[in-house]
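# Observations on the model geometry
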Amino acid sequence: MVSTYIAVDLETTGLDPKQDKIIEIGAVKVVEGQVTERYETFVNPYRKLEYRVIMLTGINDRQLEASPGIGEVIGGFLEFAGELPVLGHHVIFDYSFLKRAAVNEGFGFERQGIDTLKLARRFMPSDEKKNLSAACKYFGIIQTLSHRALADAKAAHKLYQELAVRYGKDLPEVFDSQALVYKVKKDQPASKRQKEHLQDLLKYHKIVLSVQTEQLSRNEISRITDKIIAQYGRI
């Protein structure tokens, strides 16, 4: 059973770490079961948020425009996290976004992880929902806020502690951390030629992007260009 770890949660623009971006990081450092430090920051995704994201999180574009990009943030988060295991509800989701950000800035990020979603699936009835809010409600954990990073990180920590109290004595091995596996290569910057081609396409087809093209990687700008050509045609 693990008693010292980093509980973390992210808010993002979507579910795909290859295409979507982090907009908020929240984390708590837990030492011997007690929260000792907190980490919280907005992250500028350099794109407009979809309406569904704004409604889900309550975060808006104005809040993010004045915030640093992930390249400015990830180093500070890694320093906060140290070498501790990472805990989260469906922790591989958060880990994949964080590792991609770390690798893109030249950092390593190999960690052990603890997944409270897996624990919820083990200890909750099959017909019960297993998302973080539902699991907390089922086990009597009060949440004052959801779909905000720091609040959800705290909730995942409390859920783990509650489950450990209930089931850890009989099944301590279930509460151990396991290696998190997510393979990622560093994103390559878009070339000048790619950017110019995309700008020409946008101008020709009178398209306004919600993404700042200067922040796009080679793969991202290639996907957008291909999508525009498939939908609107070439110049």
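Structure first, text after, so check above.
Predicted model, so just to flag it, every value in this text is computed and none were measured.

## Considering the nonpolar core
Soluble globular proteins tend to pack their nonpolar side chains together in the buried interior. Formed by 27 residues in total, the largest nonpolar core has its most connected members in Val-8, Ile-25, Phe-77, Leu-98 and Phe-109. Of all the secondary structure elements, the ones that give two or more residues to this core are β1 (5–12), β2 (22–31), α3 (70–81) and α4 (91–104). Considering each element in turn, this core owes the most residues, eight residues, to α4. Not counting residues within four places of it along the chain, the set of residues in contact with Val-8 comprises Ile-25, Gly-26, Ala-27, Phe-77, Val-86, Leu-87, Gly-88, Asp-94, Leu-98 and Ala-153. Counting 24 residues, the second largest nonpolar core, distinct from the first, contains Leu-87, Leu-132, Phe-139 and Ala-164.

## Focus: the packing of α3 against α4
At a closest axis distance of 9 Å, the pairing of α3 and α4 adopts a crossing angle of 105°. One element, α3, and the other, α4, form an angle in the roughly perpendicular class. Across the interface between the two elements, Ile-70, Ile-74, Phe-77 and Leu-78 of α3 pack against Leu-98, Ala-101 and Ala-102 of α4. Split into classes, the residues belonging to the contact of α3 with α4 amount to seven nonpolar, no polar and no charged.

## Considering the side chain of Thr-213
Along the polypeptide, Thr-213 turns up in the loop between α8 (192–205) and α9 (218–232). Within the structure, Thr-213 has its side chain in polar contact with the side chain of Gln-199 (distance 3.0 Å). Thr-213 has contacts with Leu-198 and Gln-199, leaving out every residue within four places of it along the chain.

## What to know about the packing of helix α5 (residues 116–123) against helix α7 (residues 149–167)
At a minimum axis separation of 10 Å, α5 and α7 run at an interaxial angle of 40°. By the criterion of interaxial angle, the relationship of α5 to α7 is oblique. Of the two elements, α5 crosses α7, and the hand of that crossing is left-handed. From α5, Thr-116, Leu-119, Ala-120 and Phe-123 reach across to α7, where they touch Ala-156, Leu-159, Tyr-160, Leu-163 and Tyr-167. Tallied by class, residues from the contact of α5 with α7 come to eight nonpolar, one polar and no charged.

Cut-off values and rules
- Residues numbered from 1 in each chain as written.
- Predicted model: local features only at pLDDT ≥ 70, side-chain atom pairs only at ≥ 80, totals over all residues.
- Heavy atoms only, no water.
- Core = buried A, V, L, I, M, F, W, Y, C linked by side-chain atoms within 4.5 Å.
- Buried < 20%, exposed > 50% of the residue type's maximum accessible area, 1.4 Å probe, protein only.
- Helix = DSSP H or I, 4+ residues; strand = E, 2+ residues; numbered from the N terminus.
- Contact = heavy atoms within 4.5 Å.
- Axes fitted to C-alpha atoms, helices over the stretch in contact; angles between N-to-C directions.
- Parallel < 35°, antiparallel > 145°, perpendicular 65-115°, else oblique.
- Nonpolar A, V, L, I, M, F, W, Y, C, P; charged D, E, K, R; others polar.
- Polar contact = N/O pair within 3.5 Å; in protein donor to acceptor, adjacent residues only side chain to side chain.
- Left-handed = near helix turned anticlockwise from the far one by under 90°.

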